[in-house]
Amino acid sequence: MAAFDESPMVRPTVQELAAAGVEEPPRQYVLPEQDRHGDLLAADEFPEPIPLVDLSRLTDADEAERLRAALQTWGFFLATNHGIEESLMDAMMSVSREFFRQPAEEKQKCSNLADGNGKDYQVEGYGSDKVVSEDQVLNWSDRLQLEVDPEDERNLAKWRRHPESFRVFLQGCAQEYASRTKKIRDLVLRSIAKLLEIEEDYFVNQISNKASGFARFNYYPPCPRPDLVLGLMPHSDSGLLTILFNNDNVGGLQVQRDGRWYNIMNIGIFTSPVHRVVTNIEKDRLLGCVLRRGCGNYARASARFAG
Ligand SMILES: O=C(O)CCC(=O)C(=O)O
Ligand SMILES: [Fe+2]
């Protein structure tokens, strides 16, 4: 498998590594021992019931208090009555699965590396995180990310290269997703403003009408050594909030609190917590989420200023 260890810029996707049956992850994926803190897989079970918030009752003071408690302790909650039908979530997961099932050459048509050598990384498209240094430890996952908001800036050229089902889904349902997740964003922000006893629209009014929303699909192939790698390195999402959708019930997501890692289920709304994803020896895992920002797409904005 020496070929997999060559140039850090032109490397196979994680899905290709897994399909080739590597027995050991290439060195770029292996976390230094000190970052494994003993045992990556030894997270604690969640120490209390997962915070649940009924979005349809957020105007009630007791439900708003549950939101406050969830955000002050964990920085995330599981949303019930969120207004996004199961069928819409299922459709999103099945078309994204279809995307990842395509041959590598097809997926590469939507690469997030426009020039193919890693220099021109774009936030939209298929690939992995931007590689900024030779020592960067890589995630054991591949990603497809598309901007769904603002609507008039959707990159239709990129969508056109997707499989028919994905394109039809995105064209047909992207609007639905965009508007539902925007409603959730505004509802939560209004509720937080009320909890803080400031004007209800204080936060909502500061959101640009060019605020971006990204649909992200992370694919975590099975990994031969889940004790050595992470599906996603510890991070805190930028932006206002992230809405995660269900993923075939394969665990892996963990959230940190007071220096300890806790396993959590996969549906939820994240505002600020540090989280990571561990991998699994047997099963692959697919995760869909929508990331909502308060302002425009930085990359697009800087490209515009530059150009
Ligand atoms: O895969 C997951 O459960 C979390 C994904 C995530 O944290 C992200 O894409 O920022
Ligand atoms: Fe995240």
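Preceding block: the structure.
As the structure is a computational prediction, the values presented were derived from the model and not from experiment. (Residues numbered from 1 in each chain as written. Chains lettered and ligands numbered in written order. Predicted model: local features only at pLDDT ≥ 70, side-chain atom pairs only at ≥ 80, totals over all residues. Heavy atoms only, no water.)

**Student:** Quick question: what am I supposed to make of helix H7 (residues 164-195) here?
**Tutor:** Side chains that are three or four residues apart share a direction in an α-helix, a result of its 3.6 residues per turn. Between its terminal C-alpha atoms H7 stretches 45 Å, which fits the 46 Å expected from 32 residues at 1.5 Å a residue. Maximal helix bending in H7 amounts to about 50 degrees, located at Cys-173. Trailing H7 by a residue or two, Glu-197 shows a phi angle of about 60 degrees, which is positive. (Helix = DSSP H or I, 4+ residues; strand = E, 2+ residues; numbered from the N terminus. Expected span 1.5 Å × (residues − 1). Bend = angle between axes of the 7 residues up to and from the residue.)

**Student:** Just checking my understanding: could you explain helix H3 (residues 61-73) for this structure?
**Tutor:** An ideal rise of 1.5 Å per residue puts 18 Å on 13 residues; H3 measures up with 18 Å between its terminal C-alpha atoms. Where H3 is concerned, the buried positions are Glu-63, Ala-64, Leu-67 and Ala-70. What you see down the axis of H3 is that its buried residues fit within an arc of 120 degrees, all on one side. With respect to the buried face of H3, the exposed residues turned more than 90 degrees away are Ala-61 and Gln-72. Tucked into the core, H3 has its buried residues touching strand E1 (52-54), strand E2 (76-80) and H7. Once H3 finishes, Gly-75 follows within two positions and takes phi at roughly 80 degrees, a positive value. (Buried < 20%, exposed > 50% of the residue type's maximum accessible area, 1.4 Å probe, protein only. Arc of directions from axis to C-beta. Contact = heavy atoms within 4.5 Å.)

**Student:** Honestly, the coordination of the iron ion (ligand 2) in this entry has me stumped. Any pointers?
**Tutor:** Ideal geometry at a metal centre gives angles of 109.5 degrees when four donors are arranged tetrahedrally and 90 or 180 degrees when six donors are arranged octahedrally. Around the iron ion (ligand 2), the protein contributes the donor atoms His-235 (NE2), Asp-237 (OD) and His-275 (NE2), which lie 2.1 Å from the metal centre. Ordering the donors of the iron ion (ligand 2) by residue number gives the pattern H-x1-D-x37-H. Linking Asp-237 in the loop between strand E6 (232-235) and strand E7 (241-244) with His-275 in strand E11 (residues 275-277), this pair joins segments that are 38 residues apart in sequence. Like Asp-237, the residue His-275 is buried in the burial classification. (Donors = N, O, S within 2.8 Å, 3.2 Å for Na, K, Ca; no water.)

**Student:** It is not clear to me how the pattern of salt bridges should be interpreted in this structure. Could you clarify?
**Tutor:** Any two side chains of opposite charge can pair, so long as their charged atoms come close to each other. Overall, the coordinates contain 21 salt bridges when judged by the stated rule. As a salt-bridge pair, Arg-143 and Asp-129 come within 2.8 Å of each other at their nearest N and O atoms. Taken together, the positions of Arg-143 in strand E4 (residues 142-149) and Asp-129 in the loop between strand E3 (125-127) and E4 put the pair 14 residues apart, joining distant regions of the chain. Here the salt bridges share partners, and the residues they tie into one network are Arg-57, Asp-60, Asp-62, Glu-63 and Arg-66. (Salt bridge = Lys/Arg side-chain N within 4 Å of Asp/Glu carboxyl O.)

**Student:** How should I be thinking about the packing of helix H4 (residues 86-101) against H7 in this particular structure?
**Tutor:** Helices that pack against each other are described as a pair by the angle of their axes relative to one another and the distance between those axes. The N-to-C vectors of H4 and H7 enclose an angle of 145 degrees; their axes lie 10 Å apart at closest approach. Crossing angle aside, the handedness with which H4 passes H7 is left-handed. Seen from H4, the contacting residues are Leu-88, Met-89, Ala-91, Met-92, Val-95, Ser-96, Glu-98 and Phe-99; seen from H7, they are Ser-165, Phe-166, Phe-169, Cys-173, Glu-176 and Tyr-177. Class assignment of the residues belonging to the contact of H4 with H7 gives a composition of 10 nonpolar, 2 polar and 2 charged. (Axes fitted to C-alpha atoms, helices over the stretch in contact; angles between N-to-C directions. Left-handed = near helix turned anticlockwise from the far one by under 90°. Nonpolar A, V, L, I, M, F, W, Y, C, P; charged D, E, K, R; others polar.)

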